[in-house]
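Examination of the molecular architecture
These are the residues of each chain, in order.
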Amino acid sequence: MSMHNGAVYGVKGADGSGVHSTTPLNASQPYPTTSERTPKESNHDHCGVETDFLIVGCGPAGASLACFLGSYGLEGIMIGAARGTADTPRAHIMNMAALECLRDIGLQRDIDQVSSKGNCMIHTRWCHSMAGEEYARIYSWGNDPKRKGDYETASPCKPADLPQTLLEPVLIRRATQAGFQVRFSTALLSFTEDTGTKLITATVHDRLSKLEYKIRTKYLFGADGAQSQVVKELNLPLIRKPGQGLAINVLVKADLSHLVDSRKGNLHWVMQPDCEHPEFGWMSIVRMVKPWNEWMFILFPNRDCDPKIQATHDEYLQRVREFIGDDTPAEILNVSKWFVNEIVAETYSSGNNIFCLGDAVHRHPPMNGLGSNTCIQDAFNLAWKVAYVHRGLAPSSLLETYSMERQPVGESIVTQANQAFRDHLRAWDALGMLGADVSERRRMHGELSEASPQGKKRRDALREAIQGTAHEFHGLGIEMGQHYCGAAIYAADEQEPFVPPGRAAEDPVLYHEPNTYPGSRLPHVWLNRAVPTTPTSTIDIAGHGNFVLFTGIGGEAWKAAANTVSADMGLPLEAHSIGFRQDWEDLYFDWERVRGVGESGAVLVRPDRFVAWRIGEVLSTPDACTARLDLVMRSVLGYRKQPQAKQ
């Protein structure tokens with residue numbers, strides 16, 4: 001064994017795969033005891049508590065960030081103004097991109113145990129009531145027979161339905177196990193930054209004891225939702241577009257299991273154009289929360305409805321029963337209001353020690369299921385950069401790439417989610433929901449059954465509108481096709497600028513085409529051994545806090561270069577060869593199809609599993625390979641000035 005910059009190097013597992021490298025930053029280690037993790041008290045300036053990391057917000061963004069930071073052995077404090085985890089389901093669709101992030105820290109099994117999958121998510125429907133007539137349906141979330149292959153080749157994970165009420169406890173439990181102290185009923189009031197030390201002093205209010213105290217921290221993370229106090233204190237500029245009105249969430253306990261055999265799906269648009277309706281309940285999305293006895297009825301009021309409208313409990317219950325359509329007993333558990341926003345921050349950070357993420361910086365309707373998924377991916381992008389800088393493995397300039405990479409993603413998902421909401425107007429119109437009064441709506445809706453040119457036109461409009469919602473319910477491109485540019489991506493060895501390949505070039509929302517162009521997500525490919533064992537995804541070989549270099553036959557010099565650069569820089573950098581009788585066997589030839597480089601070339605993957613760099617073939621000498629990899633690593637990590645060559 002040898003020591004370099006405090007990192008331990010040793011031979012990998014008994015199978016001999018990979019190269020000598022540092023111990024992974026988030027290698028499994030016994031958690032410190034509670035007393036060891038207790039934040040330090042301080043007498044400086046009457047500051048009550050000191051910590052390195054303060055996360056404001058305990059929702060999917062803040063809690064996942066705590067989990068990811070904790071996986072690197074980093075400890076801190078997380079505060080939330082609420083009394084506990086989410087008391088209403090809120091977000092629920094978990095896409096594969098977010099699940100891969102949680103898989104990286106070993107939470108896949110925990111998620112599988114509490115989520116719904118498969119037939120629970122097979123359709124989205126349009127109907128008169130849950131028990132009544134159906135107008136149309138579309139396959140959703142990877143269940144379309146024509147799209148299943150796209151989903152299976154995109155990721156080792158599968159889309160899941162996981163209400164926020166079940167997701168947050170999983171994340172909070174892991175965060176506390178990993179060393180984060182969690183304080184609910186604790187609101188951030190304000191914070192100041194010492195210009196000399198760059199330390200931040202936050203003033204917080206304990207709503208239980210009614211006391212105020214201060215927390216001094218090196219890093220502050222604003223994950224405190226749409227009313228973010230951190231964003232307000234920073235006065236981050238927000239790009240705002242006109243909102244699209246009020247929505248009312250009515251959480252309902254009702255056993256609809258007798259209906260679902262022929263109506264399987266987790267989203268049901270209920271519209272009754274032939275009926276009078278109250279102002280607060282023009283139409284509804286009925287969303288499965290727990291199969292099949294808990295549901296969220298998302299009510300959309302009339303466009304001219306007063307947003308301050310207050311319906312009674314009995315009025316809500318009556319409307320819910322009308323949307324159910326039979327005599328099933330129903331109980332209202334909760335009612336809450338929200339607004340359809342189209343807002344994104346222009347930047348996500350202030351300096352190199354205050355960062356915002358999640359709904360604090362991107363706010364939009366739940367279409368495409370992009371909300372909590374994007375929150376988790378924000379956190380995953382940010383965590384490895386913070387960990388590397390905090391550990392002295394990278395300069396602080398690396399942190400500048402967080403906003404550079406994630407803000408364009410946030411802007412794109414806000415735009416898509418709102419466009420998906422607007423796209424539903426076509427279906428509403430075709431079904432007759434936009435008529436001025438009930439008689440007009442009945443006439444328009446009745447045309448759907450007519451053997452007339454007008455009836456044919458309306459039926460065609462309905463079909464096209466429903467098929468158009470595939471951009472929401474099969475938007476694999478917007479979920480998985482995120483592409484980064486900037487300083488943490490090295491594209492200098494590319495001959496052409498990035499252009500989405502294949503079908504993604506024609507429709508980047510619907511389609512994801514795996515590729516290794518720098519800035520793209522690492523493609524998922526199933527690999528195995530020469531003597532077959534359990535298949536392993538490239539996704540699982542990469543990540544876990546490490547940089548990973550993939551090469552192939554003839555690429556031995558890249559593996560030696562990875563060993564040298566890892567030792568010289570004190571970085572967790574692994575190398576794996578893929579090919580015939582290499583570390584990993586490409587038995588389906590899928591890696592050969594997507595790798596984008598020759599057999600002796602190399603693909604460098606960041607800890608967040610995005611491709612940082614690639615090169616087509618091995619260079620002329622081993623020293624040249626080492627020099628190129630060293631240059632690339634220093635560029636990706638943010639070293640603006642290259643160190644002089646060693647004598």
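What counts and what doesn't
- Residues numbered from 1 in each chain as written.
- Predicted model: local features only at pLDDT ≥ 70, side-chain atom pairs only at ≥ 80, totals over all residues.
- Heavy atoms only, no water.
- Helix = DSSP H or I, 4+ residues; strand = E, 2+ residues; numbered from the N terminus.
- Expected span 1.5 Å × (residues − 1).
- Buried < 20%, exposed > 50% of the residue type's maximum accessible area, 1.4 Å probe, protein only.
- Salt bridge = Lys/Arg side-chain N within 4 Å of Asp/Glu carboxyl O.
- UniProt positions renumbered as here; feature names shortened; annotations may be inferred.
- Core = buried A, V, L, I, M, F, W, Y, C linked by side-chain atoms within 4.5 Å.
- Contact = heavy atoms within 4.5 Å.
- Axes fitted to C-alpha atoms, helices over the stretch in contact; angles between N-to-C directions.
- Parallel < 35°, antiparallel > 145°, perpendicular 65-115°, else oblique.
- Left-handed = near helix turned anticlockwise from the far one by under 90°.
- Nonpolar A, V, L, I, M, F, W, Y, C, P; charged D, E, K, R; others polar.
- Pairing = 2+ DSSP bridges.
- Phe/Tyr/Trp six-rings, centres within 6.5 Å; stacked < 30°, edge-to-face > 60°.
- Lys NZ or Arg CZ within 6 Å of the ring centre and 35° of its normal.
- Patch = residues over 30% accessible without salt bridge, like charges linked within 9 Å, V, L, I, M, F, W, Y side chains within 5 Å.
- Areas by Shrake-Rupley, 256 points an atom, 1.4 Å probe, with all protein chains shown as cover.

1. A word on helix α10 (residues 371-390)
- Under the 1.5 Å per step criterion, the end-to-end length of α10 is 28 Å for 20 residues, consistent within 8% with the ideal 28 Å.
- The buried fraction of α10 amounts to 19 of the 20 residues, a majority that puts the element mostly inside the structure.
- Of the residues flanking the end of α10, it is Gly392, one or two places downstream, whose phi is positive at about 80°.

2. Here we look at unusual backbone geometry
- Trp292 follows Pro291 through a cis peptide bond whose omega is -15°.
- Even without being a glycine, Asn235 presents a positive backbone phi close to 55°.
- By secondary structure assignment, the location of Asn235 is in the loop between α7 (229-234) and β15 (238-240).
- Look at Asn235 and you get exposed, because its relative accessible area is 63%.

3. Some words on the pattern of salt bridges
- The final tally for this structure, using the stated rule, is 30 salt bridges.
- Glu405 is the salt-bridge partner of Lys385, the closest N and O atoms lying 2.7 Å from each other. Of this pair, Lys385 sits in helix α10 while Glu405 sits in helix α11 (residues 400-430), and the two are 20 residues apart along the sequence.
- Lys385 gets classed as buried once you look at its relative accessible area, which sits at 0%.
- Here Glu494 makes a salt bridge to Arg614, at a shortest N to O gap of 3.0 Å. With Glu494 in the loop between α15 (476-480) and α16 (503-506) and Arg614 in strand β30 (residues 611-615), this pair connects stretches of sequence that are 120 residues apart.
- For Glu494, a relative accessible area of 17% translates into the label buried.

4. Thoughts on the UniProt feature "domain: FAD-binding" (unreviewed entry) in the protein
- UniProt feature "domain: FAD-binding" (unreviewed entry): in the numbering of this structure it lies at residues 50-416.
- With 29% helix and 29% strand, the stretch residues 50-416 has end C-alpha atoms that lie 41 Å from each other.

5. Focus on helix α2 (residues 60-71)
- Helix length check: α2, at 12 residues, gives a terminal C-alpha distance of 16 Å against a target of 16 Å (1.5 Å per residue), a fit within 8%.
- Those residues of α2 lying buried are Pro60, Ala61, Gly62, Ala63, Ser64, Leu65, Ala66, Cys67, Phe68, Leu69, Gly70 and Ser71.
- In the segment just after α2, Gly73 is the residue with positive phi, at about 80°.

6. Focus: the nonpolar core
- Counting 114 residues, the largest nonpolar core has Leu69, Phe221, Tyr388, Leu604, Trp613, Leu629 and Leu637 as the members making the most contacts within it.
- For this core, the element with the highest residue contribution is α10, accounting for 11 residues.
- Beyond its immediate stretch of four places on either side in the chain, Leu69 contacts Phe53, Ile55, Leu74, Phe180, Phe221, Ala383 and Val386.
- Core analysis: the next-biggest nonpolar cluster, separate from the first, contains 64 residues, Met130, Ala136, Phe300 and Ile324 among them.

7. Structural notes on the packing of helix α3 (residues 96-104) against α10
- Look at α3 against α10: their axes get within 8 Å of each other, and the N-to-C directions meet at 45°. Classified by the interaxial angle, the pair formed by α3 and α10 is oblique. The element α3 and its partner α10 pack so that their crossing is left-handed. For the pair formed by α3 and α10, the contact residues are Ala97, Ala98, Cys101, Leu102 and Asp104 on the first element and Asn373, Ile376, Gln377 and Phe380 on the second.
- Class assignment of the residues belonging to the contact of α3 with α10 gives a composition of six nonpolar, two polar and one charged.

8. Re the sheet that holds strand β24 (residues 362-363)
- Pairing is antiparallel across the open sheet formed by three strands, whose spatial order is β15-β21-β24. At either margin of the open sheet sits one strand with a lone partner, and together these are β15 and β24.
- In terms of strand pairing, β15 meets strand β21 (residues 343-345) through three bridges, oriented antiparallel. Bridge pairing in β21 places Ile239 opposite Val344.
- Running over the sheet, α11 touches β15, β21 and β24 and is turned about 175° from β21.

9. Here we look at the packing of aromatic side chains
- In total, this model carries 23 aromatic pairs according to the counting rule given.
- Both rings, one in Trp282 and one in Trp428, keep their centres 5.4 Å apart while their planes meet at 80°; by these two values the pair is edge-to-face. Of this pair, Trp282 sits in the loop between β17 (267-270) and β18 (283-290) while Trp428 sits in helix α11; the two residues are 146 residues apart in sequence, bridging distant segments of the chain.
- Both rings, one in Tyr388 and one in Phe547, keep their centres 5.9 Å apart while their planes meet at 70°; by these two values the pair is edge-to-face. With a gap of 159 residues between them, Tyr388 in helix α10 and Phe547 in strand β27 (residues 547-551) connect regions that are remote in the sequence. Pair check on accessibility: Tyr388 and Phe547 agree, each one buried.
- Among the aromatic residues, those joined into a cluster by ring pairs are Phe53, Tyr219, Phe221, Tyr348, Phe355 and Tyr402.
- The aromatic ring of Trp584 is capped on one face by Arg529, whose charged end is 3.6 Å from the ring centroid.

10. Comments concerning a nonpolar patch on the surface
- A cluster of nonpolar side chains, Trp526, Leu587 and Tyr588, forms an exposed patch at the surface whose accessible area comes to about 350 Å².
- Looking at the element boundaries, Leu587 is found in the loop between β28 (573-577) and α19 (590-594).
- What makes Leu587 partly exposed here is its relative accessible area of 45%.

11. Here's the deal with the packing of α2 against α10
- Interhelical geometry of α2 versus α10 gives an angle of 30° and a closest axis separation of 8 Å. The handedness of the crossing between α2 and α10 is right-handed. Facing Pro60, Ala61, Ser64, Leu65, Phe68 and Leu69 of α2, the residues of α10 in contact are Ser372, Cys375, Ile376, Ala379, Phe380, Leu382, Ala383 and Val386.
- Partitioning the contact of α2 with α10 into residue classes produces 12 nonpolar, two polar and no charged.

12. Re the pairing of strand β14 (residues 211-222)
- Sheet topology note: the strand β5 (residues 49-56)/β14 ladder contains seven bridges and is parallel. Pairing of Thr51 across the sheet is with Thr217, part of β14.
- In this sheet, β14 lies alongside strand β13 (residues 200-206) in antiparallel orientation, the contact comprising seven bridges. Its bridge partner being in β14, Asp206 is matched across the sheet by Leu211.
- Remark: four residues form the turn of the hairpin made by β13 and β14, two consecutive strands paired antiparallel; Lys210 in that turn has positive phi of roughly 65°.
- Here three bridges tie β14 to strand β23 (residues 354-356), and the two strands are oriented parallel to one another. The partner of Gly222 across the bridge, within β23, is Cys356.

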